[in-house]
Amino acid sequence: MGCNRNCGLITGAVIGAVLAVLGGILMPVGDMLIQKTIKKEAVLEEGTIAFKNWVKTGTEVYRQFWIFDVQNPEEVAVNSSRIKVKQKGPYTYRVRYLAKANITQDPETHTVSFLQPNGAIFEPSLSVGTENDTFTVLNLAVAAAPHLYPNSFIQGVLNSLIKKSKSSMFQRRTLKELLWGYQDPFLNLVPYPISTTVGVFYPYNNTLDGVYKVYNGKDDISKVAIIDTYKGKKNLSYWLSYCDLINGTDAASFPPFIEKTQVLRFFSSDICRSIYAVFGAEINLKGIPVYRFILPSNAFASPLQNPDNHCFCTEKVISKNCTLYGVLDIGKCKEGKPVYISLPHFLHASPEIAEPIEGLSPNEEEHSTYLDVEPITGFTLRFAKRLQVNLLVKPARKIEALKHLKQHYIVPILWLNETATIGDEKAKMFRHQVTGKINLLGLVEIILLSVGVGMFIVFMISYCACRSKRVN
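Rules used in this analysis
- All residue numbers refer to position in the chain's written sequence, counted from 1.
- It should be noted that, the model being predicted, local features are given only for residues of pLDDT at least 70 and side-chain atom pairs only at 80 or more, the latter also being counted only at that level, while totals for whole chains, interfaces and linings use all residues.
- Side-chain calculation: all heavy atoms of the structure are included, whereas hydrogens and water are not.
- Each cavity reported here is a set of points on a 1 Å grid over the protein atoms alone in which a 1.4 Å probe fits but cannot get out, each pocket an open set with protein on both sides within 12 Å along at least five of seven lines, and each lining residue one with an atom within 4 Å of a point.
- Grid points are joined across faces, edges and corners, and a volume is the space filled by probe spheres set on the points.
- Three classes are used: nonpolar for Ala, Val, Leu, Ile, Met, Phe, Trp, Tyr, Cys and Pro, charged for Asp, Glu, Lys and Arg, and polar for all others, with Gly counted as polar.
- We treat two strands as partners when DSSP finds at least two bridges between them.
- Only DSSP runs of H or I covering at least 4 residues are called helices, and only runs of E covering at least 2 are called strands; the numbering of each starts at the N terminus.
- All axes are obtained by fitting lines to C-alpha atoms, using only the stretch in contact for helices, and the reported angles, taken between N-to-C directions, cover 0 to 180 degrees.
- The classification of residues rests on relative accessible area computed with a 1.4 Å probe and restricted to protein chains. Under 20% of the type maximum is buried, over 50% is exposed, and intermediate values are partly exposed.
- As used throughout, the charge tally considers Lys and Arg to be positive and Asp and Glu to be negative, leaving His and the chain termini uncounted.
- One speaks of a salt bridge when a side-chain nitrogen belonging to Lys or Arg is within 4 Å of a carboxyl oxygen belonging to Asp or Glu.
- Contacts described as polar in this section are N or O atom pairs within 3.5 Å, which, within protein, must combine one atom able to donate a hydrogen with one able to accept it, while residues neighboring in sequence count only if both atoms come from side chains.
- When checking whether two residues touch, look at their non-hydrogen atoms; a contact exists if any pair is within 4.5 Å.
- In summary, the pairing rule links any two rings of Phe, Tyr or Trp, Trp by its six-membered ring, whose centres are within 6.5 Å, and it sorts them by plane angle into stacked for under 30 degrees, edge-to-face for over 60 and tilted for everything else.
- Remark: a charge is flagged as sitting over a ring if the NZ atom of Lys or the CZ atom of Arg is within 6 Å of the ring centre and within 35 degrees of the ring normal.
- Surface patches are drawn from residues lacking salt bridges whose relative accessible area is over 30%; two like charges belong together within 9 Å, two nonpolar side chains (Val, Leu, Ile, Met, Phe, Trp, Tyr) within 5 Å.
- A 1.4 Å probe and the Shrake-Rupley method give the accessible areas. Residues count as covered only by the protein chains that appear here.
- Cysteine sulfur atoms that come within 2.5 Å of each other are treated as a disulfide pair.

> Where do I start with the layout of surface pockets in this structure?
Using a probe with the size of a water molecule, rolled over the atoms, empty space left in the structure can be pinpointed. Approximately 220 Å³ is the volume found for the second largest pocket. Along the walls of the second largest pocket sit 13 residues, with His147, Thr314, Asp329, Gly336 and Pro338 positioned nearest its centre. Taken together, the residues that form the lining of the second largest pocket break down as four nonpolar, four polar and five charged.

If you want it as structure tokens, here you go:
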């Protein structure tokens, strides 16, 4: 009887030990299976999950605009007063709905090249008004004239054309005109061939961005989707390469197995550079654990604080010897136009920059940029990329529309939020195909290990107790 009981206890302990060992073995084996599957499906080639979503995003992407409507144009033009602005929006467009074009795989370099078609569809139901809503904004052509043509004689000639066209420092424009382009009356009078269409994002619709060449991850999954080369507009590619501004992916996805300590870099041709995000928090997005990466204030710091921004300080007067922070001069890739980018409402910018502007209310929640990335696959499941477009205007003695100005202004034109969130159906599919299987495997590992260790301990205690009683 005692022998049978001891044998039973020993058998139970052995079974427990076996289960514990199985659980311990299953952990690395399970991790290997997960990694193998992810590495296979993350490659950018025909037939993978990553490729299907990369060619054409399955999530609707929106670009929301808020326009800064100037309330006191005459006061500013005549007395160089503070510019009073009132933001109006959002005006929403659907973007990035077109599939990538001219996709070409290069098996020797393990890269894939493509063009990204551009298009924008207005969404009335997600907007506060129509594309015909009008605003008082800075006259883009007049403000840029003294930067593009610093010669006094030429400015005198341009002044006569500005007066003849009845143009001034500010103008009234519809949303559609301001964003996508309009025929400028002043430029129409210039007697030599130049582009007479002006718009913050002109040209955009029916254009192609690229050629991009990115790594497909076939030979090294840690490089998947990272941009190798970019050939964009004339002279832009050289400047980007010279300043080392092409780094990372396009932010739609990153190489898998993301760590919290990583710095995620992503490139945007809209702002003519790569930028980066750092880990901020763990978030639960529709039942999917994600890492939130945020754009730090240092991304828009002065070159003295962040050497990566050395190419965005092109003059010493307005920038106070490159000590001002919060705005970046991207004129080099905007054909010399005095375009500056910043975070909305000059968030994290030097106080001197926002001081001449009245009506701004910067705050982190509404105006910061973030990416919610699923760490195992590297897929971005939600993002909000926020940016403000500004134009520098300065006094010009030879141009009457600007001669009364007593200071430089970095004038906010608009700010935008490009955003997308994984849909409910896709989130359900993602949970089922990815996180569900990983969680189930993890649960099985834990149960086997826990039950095995528990059984081993219980049966060994019982066995020892039984042996102790027999000795006594």
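After that view of the structure, there is still more to cover.
> Help me understand the sheet that holds strand 11 (residues 227-230) in this model?
Sheet strands pair by backbone hydrogen bonding; their relative direction is either parallel or antiparallel. Judged by pairing direction, the sheet is antiparallel, and its four strands sit side by side in the order 3-4-10-11 without closing on themselves. In this open sheet, the two edge strands, each paired with only one partner strand, are strand 3 (101-106) and strand 11. Taking the axes of each pair of neighbouring strands and ignoring which way they run, one obtains an average angle of 20° across the sheet. Pairing of strand 3 with strand 4 (residues 111-117), which is carried by four bridges, proceeds in the antiparallel orientation. Within the sheet, the bridge partner assigned to Asp106 lies in strand 4 and is Thr111.

> Whenever I open this one, the side chain of Asp209 confuses me. Can you help?
Within the secondary structure, Asp209 sits in strand 10 (residues 208-215). Look at Asp209: it is buried, it has no salt bridge, and the nearest opposite charge is Arg96 at 6.1 Å. Here Tyr230 takes part through its side chain, which lies 2.6 Å from a polar atom of the side chain of Asp209. In this structure, Asp209 is in contact with Leu115, Gln116, Asn118, Tyr230 and Ser269, ignoring residues within four places of it in sequence.

> Which parts of the structure should I look at to understand the packing of aromatic side chains?
In this description, a pair of aromatic rings is defined by centroid distance and the angle of the planes. Evaluated as defined, the whole model comprises 18 aromatic pairs. Put simply, the rings of Phe51, Trp54, Phe114, Tyr212, Tyr230 and Phe267 pair up and form one aromatic cluster. Residue placement shows Lys100 over the ring face of Trp54; its charged tip is 5.0 Å from the ring centre. It is Arg292 that lies over the ring of Tyr370; its NZ or CZ is 3.8 Å from the centre.

> How do you make sense of empty space enclosed by the protein when you look at a structure like this?
Evaluation of the coordinates by the stated rule reveals three cavities of 30 Å³ or more. Counted as a void, the largest cavity has a volume near 250 Å³. In this structure, the largest cavity is lined by 18 residues; those nearest its centre are Ser268, Ile271, Lys385, Arg386 and Leu387. For the lining of the largest cavity, the elements supplying multiple residues, two or more each, are strand 12 (263-268), strand 19 (380-393) and strand 20 (409-421). Of the residues that constitute the lining of the largest cavity, the class distribution is nine nonpolar, two polar and seven charged. Its boundaries defined by the atoms lining it, the second largest cavity holds a volume of some 150 Å³. Considering the residues around the second largest cavity, the lining is formed by 18 residues, among which Phe312, Ser319, Leu324, Val327 and Tyr340 are closest to the centre. Among the elements that line the lining of the second largest cavity, the one with the most residues is strand 15 (residues 327-329), at three residues. When the residues that make up the lining of the second largest cavity are grouped by side-chain class, the tally is 12 nonpolar, four polar and two charged.

> In this structure, what is going on with a nonpolar patch on the surface? I would like to understand it.
Taken together, the side chains of Phe153, Ile154 and Val157 define a hydrophobic patch exposed on the protein surface, amounting to about 280 Å² of accessible area. Among the structural elements, Val157 can be located in helix 5 (residues 152-164).

> How should I be thinking about the state of the cysteines in this particular structure?
Here, disulfide denotes a covalent bond that connects the sulfur atoms of two cysteines. According to the stated counting rule, one finds two disulfides in the structure shown. Here Cys272 engages in a disulfide with Cys333; their sulfurs sit 1.7 Å apart. The sign of the 80° torsion about the S-S bond sets the Cys272-Cys333 disulfide as right-handed. In this pair, Cys272 is assigned in the loop between strand 12 and strand 13 (273-285) and Cys333 in the loop between strand 15 and strand 16 (339-342), connecting sequence segments 61 residues apart. Like Cys272, the residue Cys333 is buried in the burial classification.

> How do you make sense of the environment of Pro117 when you look at a structure like this?
Relative to the helices and strands, Pro117 resides in strand 4. Overall, Pro117 belongs to the buried group, its relative accessible area being 15%. For Pro117 and Leu98, which are 19 residues apart along the polypeptide, the C-alpha to C-alpha distance reads 6.2 Å. Excluding its chain neighbours within four sequence positions, the residues that come into contact with Pro117 are Leu98, Ala99, Lys100, Ala101, Thr207 and Leu208.

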